[in-house]
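Inside the fold
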Amino acid sequence: MRFLLFASCLYMMACGSPYKNLQTTVGDVTCLQKFRPVFSAVLYNTTVNIVGRHLSGLLLIKKMPDSSLRMVFSSEMGIKFFDFEFARSGEFTVHSIIRQMNKKAVINTLRKDFELVLMQDLDSGSANILTDKRLSYFWFSKGKEFHYYITDTACKELVRIDKISRRKVKVQAIMQHYVKGVPDTIGITHRNFNFTIGLKRLER
């Protein structure tokens, strides 16, 4: 039964664009660990564009003594847009958020976007791997969605991260120019509506 479930998932993903020409392969999923951001206290210049609305400011990502991560997004004038906590256990807490963003759909979207960048899937330790002879596609099942971590075949470069639902790309993310485990540039783009997040590191 477990094999049939796996085969069914693989068939659905392989037959849907843009993955219909991929072939199954073998590889070491632990190679992805080097792309998992290692945040201590990092400040990013941040822009958020969502359905015609624009926000800009500073995003502080800080690892706390209990190993949780706090993400605080504030304007240049010090107005706090949101304060999120990602616990090591996977629990998510909203400490504060402005009224305009305090909607369940917005909060869930932001949570899932940042979880994608934090690469929490790697804790499961298991992935299925596809290839097109040029790139490797490490994919994890996430409920009704699939997360694809796409690298070169040598797993030396993280090309992008795709979130797939119903055989369509919903979200794409990039993380580039790592310095001591921290990406200098992070970008998140939604494909089904106008929502982008851009982060550029300010200090090293």
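Our structure is the block above this text.
Thresholds, definitions, all that
Throughout, a residue's number is its position along its own chain's written sequence, starting from 1. The predicted origin of the model limits local features to residues at a pLDDT of at least 70 and limits the giving and counting of side-chain atom pairs to 80 or more, whereas totals for whole chains, interfaces and linings rest on all residues. Side-chain figures throughout are based on the complete set of non-hydrogen atoms in the structure, without hydrogens or water. In this description, a disulfide is simply a cysteine sulfur pair whose atoms lie within 2.5 Å. A run of H or I in DSSP becomes a helix once it reaches four residues, and a run of E becomes a strand once it reaches two; helices and strands are each numbered from the N terminus. Using a 1.4 Å probe on the protein chains alone, a residue whose accessible area is under 20% of its type maximum counts as buried, one over 50% counts as exposed, and one in between counts as partly exposed. Under the pairing criterion, centres of Phe, Tyr and Trp rings, with the six-membered ring standing for Trp, must be within 6.5 Å; the plane angle then separates stacked pairs below 30 degrees from edge-to-face pairs above 60, leaving the rest tilted. We treat Lys and Arg as the positive residues and Asp and Glu as the negative residues; His and chain ends play no part in the count. In the sections that follow, a salt bridge refers to a side-chain nitrogen of Lys or Arg positioned within 4 Å of a carboxyl oxygen of Asp or Glu. The contact criterion used throughout is that any non-hydrogen atoms of two residues lie within 4.5 Å. Pairing between two strands is assigned when DSSP locates at least 2 bridges connecting them.

Below, the discussion takes up the state of the cysteines. This structure, assessed with the given rule, holds one disulfide. Put simply, C31 and C155 are joined by a disulfide, and their sulfur atoms are 2.0 Å apart. Its torsion about the S-S bond being 80 degrees, the disulfide of C31 and C155 is classed as right-handed. With C31 in the loop between β1 (23-24) and β2 (41-50) and C155 in the loop between β9 (145-152) and β10 (158-165), this pair connects stretches of sequence that are 124 residues apart. Owing to a relative accessible area of 17%, C31 belongs among the buried residues under this scheme.

Turning next to the packing of aromatic side chains. By the definition in use, this model includes 12 aromatic pairs. Put simply, the rings of F73, F81, F82, F84, F86, F92 and F114 touch in pairs and so form one group of aromatic residues.

The next subject is unusual backbone geometry. With phi around 75 degrees, S67 is a residue other than glycine that occupies positive phi space. Considering the arrangement of structural elements, one finds S67 in the loop between β3 (53-63) and β4 (69-74). Overall, S67 belongs to the partly exposed group, its relative accessible area being 25%. Phi at H177 takes a positive value of approximately 55 degrees, unusual for a residue other than glycine. Classification of H177 by relative accessible area gives exposed; the value is 52%.

On the secondary structure map, K163 appears in strand β10. Look at K163: it is buried, it has no salt bridge, and the nearest opposite charge is E145 at 4.1 Å. Contacts of K163, omitting those with residues within four sequence positions, involve K112, E145, F146, H147, K168, V169, K170 and V171.

This part covers the pairing of strand β6 (residues 92-97). Two strands pair when backbone bridges link them, and strand β5 (residues 80-86) and β6 are joined in this way by five bridges, in the antiparallel orientation. Residue pairing across strands places D83 opposite S96, the latter belonging to β6. Between β5 and β6, which pair antiparallel and follow one another directly, the connecting turn spans five residues, one of which, G90, has a positive phi of 105 degrees.

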